[in-house]
Amino acid sequence: MNLPPLFRNRQRLARAAQRRLRGCVRWVNVATSLPFDFRFIGPPRQMSSTPAYCSANGFTWIEVYPEQSVTRPDPVCINYPASRMREGVFDSLPAAGVAILPNARVVGEDGWIVGRDHTFLPDHSWFGAEPAKCPIFRAGCLKPDHFFSGRTATLASDFAVFNYGHTVHDAIARVHLLEKAGLAWPDIDRVIVPDLRSEGRRRLAAIAGIPFEKIVNASTLGVAECETLIAPTFPGLRRNTPPWVAEFWAGKAKAVPVAKRRLYISRKGEKRSVSNEDEVVELLGRYGFEVLVPGRNPVFDQFQSAEMVVGTHGAAMADAVFCPLHSVFIELTPSKHIYPYDYTIATAANMRYISVLAESDESCRDPEKANIRVPIAYLKQSVELGHALLQEHSTPSAALGETA
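None of the values given here were measured: they were computed from a predicted structure.

Rules and cut-offs
- Residues numbered from 1 in each chain as written.
- Predicted model: local features only at pLDDT ≥ 70, side-chain atom pairs only at ≥ 80, totals over all residues.
- Heavy atoms only, no water.
- Core = buried A, V, L, I, M, F, W, Y, C linked by side-chain atoms within 4.5 Å.
- Buried < 20%, exposed > 50% of the residue type's maximum accessible area, 1.4 Å probe, protein only.
- Helix = DSSP H or I, 4+ residues; strand = E, 2+ residues; numbered from the N terminus.
- Contact = heavy atoms within 4.5 Å.
- Axes fitted to C-alpha atoms, helices over the stretch in contact; angles between N-to-C directions.
- Parallel < 35°, antiparallel > 145°, perpendicular 65-115°, else oblique.
- Nonpolar A, V, L, I, M, F, W, Y, C, P; charged D, E, K, R; others polar.
- Left-handed = near helix turned anticlockwise from the far one by under 90°.
- Phe/Tyr/Trp six-rings, centres within 6.5 Å; stacked < 30°, edge-to-face > 60°.
- Lys NZ or Arg CZ within 6 Å of the ring centre and 35° of its normal.
- Salt bridge = Lys/Arg side-chain N within 4 Å of Asp/Glu carboxyl O.
- Patch = residues over 30% accessible without salt bridge, like charges linked within 9 Å, V, L, I, M, F, W, Y side chains within 5 Å.
- Areas by Shrake-Rupley, 256 points an atom, 1.4 Å probe, with all protein chains shown as cover.
- pLDDT = per-residue confidence, 0-100.
- Pairing = 2+ DSSP bridges.
- Polar contact = N/O pair within 3.5 Å; in protein donor to acceptor, adjacent residues only side chain to side chain.

Q: Explain the nonpolar core here, please?
A: Nonpolar side chains in soluble globular proteins tend to end up buried together. Formed by 60 residues in total, the largest nonpolar core has its most connected members in I210, W249, F303 and V309. At five residues, helix α7 (residues 243–252) tops the list of elements feeding residues into this core. Setting aside residues up to four positions removed in sequence, V309 forms contacts with L263, F303, M317, C323, V328, F329, I330 and M351. Y287, I330, I354 and V356 belong to the second-largest nonpolar core, a separate cluster that totals 22 residues.

The following block contains the structure:
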């Protein structure tokens, strides 16, 4: 069919846009046939699991935890089916450990790892479950702009540079794997970490034992080639915190007396804030809750003395991993943002998890930013259920019920 030139141009533009939208998945298929070294053109040429890669090349792989199935108690979802929360939960987690890799690269602030033969190792990335979706496959070239001699460890992880929750669970927690693998800081020349831009992050790095004089900020790197790279794997899988992360932080944090505090974690002024927060605070105040507004200062020690916490999904709730055993975690779950981050954090820390589905603002196009409205009757029901669960693991005490 003979089409007018203008229409043919539009067709060409549409086809070009479709090709761009195929993105990194298409690159995975094309990359293996690209010429030259990936330092000069295109993304990594192939990918592999880390244990298989180390075995095939004679590199050191120290397994700390074997691949294992994970059994978690079902989430208690007050006003929606629990199956929706479980959609993103994996029944098994891959082996966790540390690889020691010669002449490997650490790519970008997200810390993607590429072996010396152009092999991407997704076991160290948030994209491990779906590696073809990793943005590394959109890279134009991976030419190194830094070279580190000696032994370099990396704790860099996707999104951790700007997100506190990913710093706690996905990045700094990897210190546990280094320790269990028998690797000591005196044997490491430097360590790549997400930026410690807040006092809360710096305190966590300190209690994890990271030597500050050896820190290299991940955000300062483009592509770093390391003479010897010491690379712990990603903790669990995306949005699925493994139990050892909670055990690690429980062992590092200084013990505090359990004060049976009840905390409401406010997101006032932030994305996913509660539009009817006055009603929420008024209700929770009748049940003895304090309002905590996290800032850039550390608050994890506040969670250590809490028997019940309530809050919207967000980075500040990552500190719930410091709560005492059998405490109660009530998540205000945005209807447009149902993911098992907090559910798996709670179960990893042996907490009881309850979710109240809150209506996301339909006028906001970005589901991650939409404010929420909390159904007060369901919130009241969840707090009373939380009290009943606490009573199962406590000595007889005064009732939690509403105060006068």
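Q: Just checking my understanding: could you explain the packing of helix α4 (residues 164–171) against helix α6 (residues 199–207) for this structure?
A: The axes of two packed helices give the description: the angle between them and the distance between them. The interhelical angle for the contact between α4 and α6, taken along N-to-C directions, is 10°, at an axis separation of 10 Å. Taken together, the axis directions place α4 and α6 in an arrangement best described as roughly parallel. Residue-level contacts link Y164, T167 and V168 of α4 to G200, R201 and L204 of α6. Its residues placed into classes, the contact of α4 with α6 shows three nonpolar, two polar and one charged.

Q: Looking at this model, I keep getting lost on the packing of helix α8 (residues 277–286) against helix α11 (residues 376–391). Mind explaining?
A: Remark: α8 packs on α11, axes separated minimally by 11 Å, with the N-to-C direction vectors making an angle of 30°. With respect to their mutual orientation, α8 and α11 come out roughly parallel. Judged by the twist between their axes, the crossing of α8 over α11 is right-handed. Touching E279, V280, L283 and L284 of α8 are I376, L379, K380 and V383, all from α11. Taken together, the residues of the contact of α8 with α11 break down into six nonpolar, no polar and two charged.

Q: Looking at this structure, how should I read helix α10 (residues 341–348)?
A: In an α-helix, one turn spans 3.6 residues, which is why side chains three or four residues apart end up on the same side. The element α10 is largely enclosed, with a buried count of eight among its eight residues. Its buried side turned inward, α10 meets α3 (82–86), α4, α7, β16 (328–334) and β17 (352–360).

Q: Even after reading the chapter, I still don't get the packing of aromatic side chains, so can you show me in this structure?
A: Each aromatic ring pair is characterised by the separation of its centres together with the angle its planes make. Summed over the entire model, instances satisfying the criterion amount to 13 aromatic pairs. Between the aromatic rings of F120 and F137, the centroid separation amounts to 5.6 Å while the plane-to-plane angle is 85°, which identifies the pairing as edge-to-face. One end of the pair, F120, is in strand β8 (residues 119–120); the other, F137, is in the loop between β8 and β9 (146–154), with 17 residues separating them in the sequence. For the ring pair F300 and F322, a centre distance of 4.9 Å and an interplane angle of 35° mean the geometry is tilted. Residue F300 is found in helix α9 (residues 300–303), and its partner F322 is found in the loop between β15 (306–312) and β16; the two are separated by 22 residues along the sequence. The pair F300 / F322 is uniform in exposure class, with both members buried. Taken together through their ring pairs, the aromatic side chains of W126, F127, F159 and F162 make up a single cluster. Looking at R238, its charged tip hangs above the ring of W126, at a distance of 5.4 Å from the centre. Here the guanidinium or amino end of R239 rests over the ring plane of Y339, the centre of that ring lying 3.9 Å away.

Q: I tried to follow the pattern of salt bridges on my own but got confused; where do I start?
A: A side chain with one charge can pair with a side chain of the opposite charge if their charged atoms come near. Going through the model one piece at a time under the given rule, you end up with twelve salt bridges. Where R86 meets D74, a salt bridge forms, and the shortest distance between an N and an O atom there is 3.4 Å. One end of the pair, R86, is in helix α3; the other, D74, is in the loop between β3 (68–69) and β4 (76–77), and twelve residues separate them in sequence. For R105, the salt bridge goes to E225, with nearest N and O atoms at 2.9 Å.

Q: Looking at this structure, how should I read a nonpolar patch on the surface?
A: A cluster of nonpolar side chains, contributed by V281, V291 and V293, occupies part of the molecular surface with about 230 Å² of accessible area. Within the secondary structure, V281 sits in helix α8. In this structure V281 comes out as partly exposed when scored by relative accessible area, which is 30%.

Q: Can you walk me through the confidence of the model for the chain in this structure?
A: Low-confidence regions, as indicated by low pLDDT, have predicted coordinates that should not be scrutinised in detail. Averaged over every residue, the pLDDT of the chain is 88; the share at 70 or more is 86%. Low confidence marks residues 1–36, where pLDDT is under 50. Its contacts with residues over four positions away, or in another chain, come to 27 contacts. Segment residues 395–400: pLDDT under 50, and seven contacts once partners within four positions in sequence are set aside and those in other chains are kept.

Q: Help me understand the pairing of strand β10 (residues 190–193), please; the structure alone is not making it clear to me.
A: Looking down a regular strand, the side chains alternate between one sheet face and the other. Side chains of β10 alternate between two faces, with R190 and I192 and V191 and V193 buried alike. The pairing of β9 with β10 spans three bridges and is parallel. Looking at β10, one finds that A153 is bridged to V191. Here three bridges tie β10 to strand β11 (residues 215–217), and the two strands are oriented parallel to one another.

Q: Would you take a moment to explain the environment of R197 for this structure?
A: If you trace the backbone, R197 turns up in the loop between β10 and α6. Between the alpha carbons of R197 and N217 there is a distance of 9.9 Å; along the sequence they are 20 residues apart. In terms of polar contacts, R197 uses its side chain to reach the backbone carbonyl oxygen of V161, at 3.1 Å.

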